[in-house]
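Below, each chain spelled out in residue letters.
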Amino acid sequence: MRAWRRIRVFGAVVGVVGLSGLIGAGCSMMQSEQAAKGKKLYAHYCMHCHGETGKQNEGFNWSSMSDPKPKDLSNKSEMGTFKDEDIFNTISRDMKDTSPNGDKIGDDEFAVPTMPTFKYTLSEEEIWGIVGYVRSLHGKKLEFNVEGRKKELQEAKQSAEQKYKEAERVEQEAEKKANDEAEKKGVEVDDNAYAKEVQAMGQAKKELDQATAALANFTTRPGKGVNIARPDLNMKPDAAAKMTEIGKQLYVTKYGCNGCHKIGEEGGRVGPALDRAGYRLNPTWVYRWLRNPQAMKPDTRMPALGLNDADAKAVALYLKTLRAPKPDKPLGKVSEE
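Parameters and conventions
- Residues numbered from 1 in each chain as written.
- Predicted model: local features only at pLDDT ≥ 70, side-chain atom pairs only at ≥ 80, totals over all residues.
- Heavy atoms only, no water.
- Salt bridge = Lys/Arg side-chain N within 4 Å of Asp/Glu carboxyl O.
- Helix = DSSP H or I, 4+ residues; strand = E, 2+ residues; numbered from the N terminus.
- Buried < 20%, exposed > 50% of the residue type's maximum accessible area, 1.4 Å probe, protein only.
- Expected span 1.5 Å × (residues − 1).
- Core = buried A, V, L, I, M, F, W, Y, C linked by side-chain atoms within 4.5 Å.
- Contact = heavy atoms within 4.5 Å.
- Polar contact = N/O pair within 3.5 Å; in protein donor to acceptor, adjacent residues only side chain to side chain.
- Phe/Tyr/Trp six-rings, centres within 6.5 Å; stacked < 30°, edge-to-face > 60°.
- Lys NZ or Arg CZ within 6 Å of the ring centre and 35° of its normal.
- pLDDT = per-residue confidence, 0-100.

An unreviewed UniProt entry lists the chain under the name Cytochrome c domain-containing protein, with Nitrospira defluvii given as the organism.

Caption draft 1: Structural context of the pattern of salt bridges. Tallying each qualifying case throughout the model produces 14 salt bridges. Among the ionic pairs, Asp94 bridges to Lys119, the shortest N-O distance being 3.3 Å. Of this pair, Asp94 sits in the loop between α4 (84-91) and α5 (124-137) while Lys119 is found in the loop between α4 and α5, placing the two residues 25 residues apart along the sequence. Residue classification places Lys119 among the partly exposed residues on the basis of a relative accessible area of 32%. Between Lys254 and Asp311 there is a salt bridge; the shortest N-O distance is 3.7 Å. With a gap of 57 residues between them, Lys254 in the loop between α8 (237-253) and β1 (262-263) and Asp311 in helix α12 (residues 309-320) connect regions that are remote in the sequence. The residues Lys254 and Asp311 share a single accessibility class, namely buried. Salt bridges sharing common partners tie together Glu124, Arg149 and Glu152.

Caption draft 2: Inspection of α5 at higher detail. For α5, built from 14 residues, the straight-helix expectation of 20 Å at 1.5 Å per residue is met to within 8% by its first-to-last C-alpha distance of 20 Å. In terms of burial, α5 is a largely internal element, 11 of the 14 residues being buried. For α5, the set of buried residues is Glu124, Glu126, Ile127, Trp128, Gly129, Ile130, Val131, Tyr133, Val134, Arg135 and Leu137. Backbone geometry just downstream of α5 places Gly139 in the positive-phi region, at approximately 75 degrees.

Caption draft 3: Looking closely at the nonpolar core. With 25 residues, the main nonpolar core has Tyr42, Ile87, Ile91, Leu122, Ile130, Val131 and Val134 as its most contacted residues. Those elements that place two or more of their residues in this core are α1 (2-45), α4, α5, α6 (146-185) and α7 (195-219). For this core, the element with the highest residue contribution is α5, accounting for 7 residues. Setting aside residues no more than four positions away along its own chain, Leu122 makes contact with Leu41, Tyr45, Ile127, Ile130, Arg221 and Pro222. Counting residues in hydrophobic clusters, the runner-up holds 24 residues, among them Leu290, Leu307, Ala312 and Leu317.

Caption draft 4: Region of interest: α6. The end-to-end C-alpha distance of α6 is 59 Å, a good match for the 58 Å that 40 residues give at a rise of 1.5 Å each. For α6, the complete set of buried residues consists of Val146, Leu153, Ala160, Tyr164, Ala167, Glu171, Ala174, Ala178 and Ala182. Capping the start of α6, Asn145 holds a side-chain oxygen 3.4 Å from the backbone nitrogen of Glu147, two or three residues further along.

Caption draft 5: Broad picture of the packing of aromatic side chains. Using the criterion set out here, one finds 6 aromatic pairs in the structure. Summarising the aromatic geometry, the rings of Phe88 and Trp128 are spaced 4.4 Å apart at their centres and angled 25 degrees between planes, so their arrangement reads as stacked. Taken together, the residues span a long stretch of sequence, with Phe88 in helix α4 and Trp128 in helix α5 at a distance of 40 residues. Take Phe88 and Trp128: they sit in the same class, and that class is buried. If you follow Lys69 out to its NZ or CZ, it ends over the ring of Trp62, 5.4 Å from the centre.

Caption draft 6: Broad picture of the confidence of the model for the chain. Mean pLDDT for the chain: 89, with 87% of residues reaching 70 or above. Per-element averaging of pLDDT across the chain places α1 at the bottom with 63 and α12 at the top with 98. When the criterion is pLDDT under 50, residues 1-14 qualifies, and its contacts beyond four places in sequence or with other chains add up to 0 contacts.

Caption draft 7: Inspection of the environment of Arg149 at higher detail. Mapping Arg149 onto the fold places it in helix α6. With relative accessibility at 23%, the residue Arg149 sits in the partly exposed group. Counting along the chain gives 25 residues from Arg149 to Glu124, while the straight-line C-alpha distance between them is 10.0 Å. Apart from residues no more than four positions distant in its own chain, Arg149 is found in contact with Glu124, Phe144 and Phe218. Of the polar contacts made by the side chain of Arg149, one reaches the side chain of Glu124; its length is 2.7 Å.

The following block contains the structure:
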């Protein structure tokens, strides 16, 4: 009997160890997949400015960018001072207006002004993947619990669903009670009798919508499936001139378009030159492109920068004014040497 019990205990221990090994292998596999996705996303969206290994002047666009230049992502002594959340919030942020009368810029701002945001382009999970890869460039690992974050969002949605169902039940009972009392008295229903319950149900629905959106944004890109309607760009000449001037400022001071696009001899080389945009591009198309580039070309490197209706109209009208003359001589063929 004792020998049999020892065998059973030994078997149970082996089972626990085996299960633990499977869980560990599963976590490692998940982290490996996430790292591979992060590396691929970094190569597509970040490498042209930050370089393959994150070193300064390594990306082909680095030297074309205005000062301050992008940070050295391989510098452990500096990058190690940032938390995972700091890097995430840099990649997923709202663009700030750097003009004298614009937004307040803190001394500890991580991103340079021309660095685009990916808040409106990539899912939260994808951004964490990029953070993980950036960590690897300076010899560190991602410590943030991405799976824990996903579970937290799932539980928040479930809790919000239960809260909404209960609020809906309470509201229906209160409404029925008010209807029954009104019918007995032969009077019209007093909506105020259950207004409190209606308000509580509305608040619960709002919280449910927010929880649902948060979970969706974790795995789904924000602009996926969102088509932008054609804008109304008809306005009086004075209004158009004023908006065009605003667009010229936004182009540089808020959305950092000059970081990727060249006008004349200044600007980046990631995107096409825009000094003849007024000839080549339709303002309606530009507006829709600025609002959601991925809806028009899913594999584009151009991110959605969070432009609202007014800002997108202003930048589109500014680009319409860019009408540089054609070069005196046609561009020659690129040397194969």
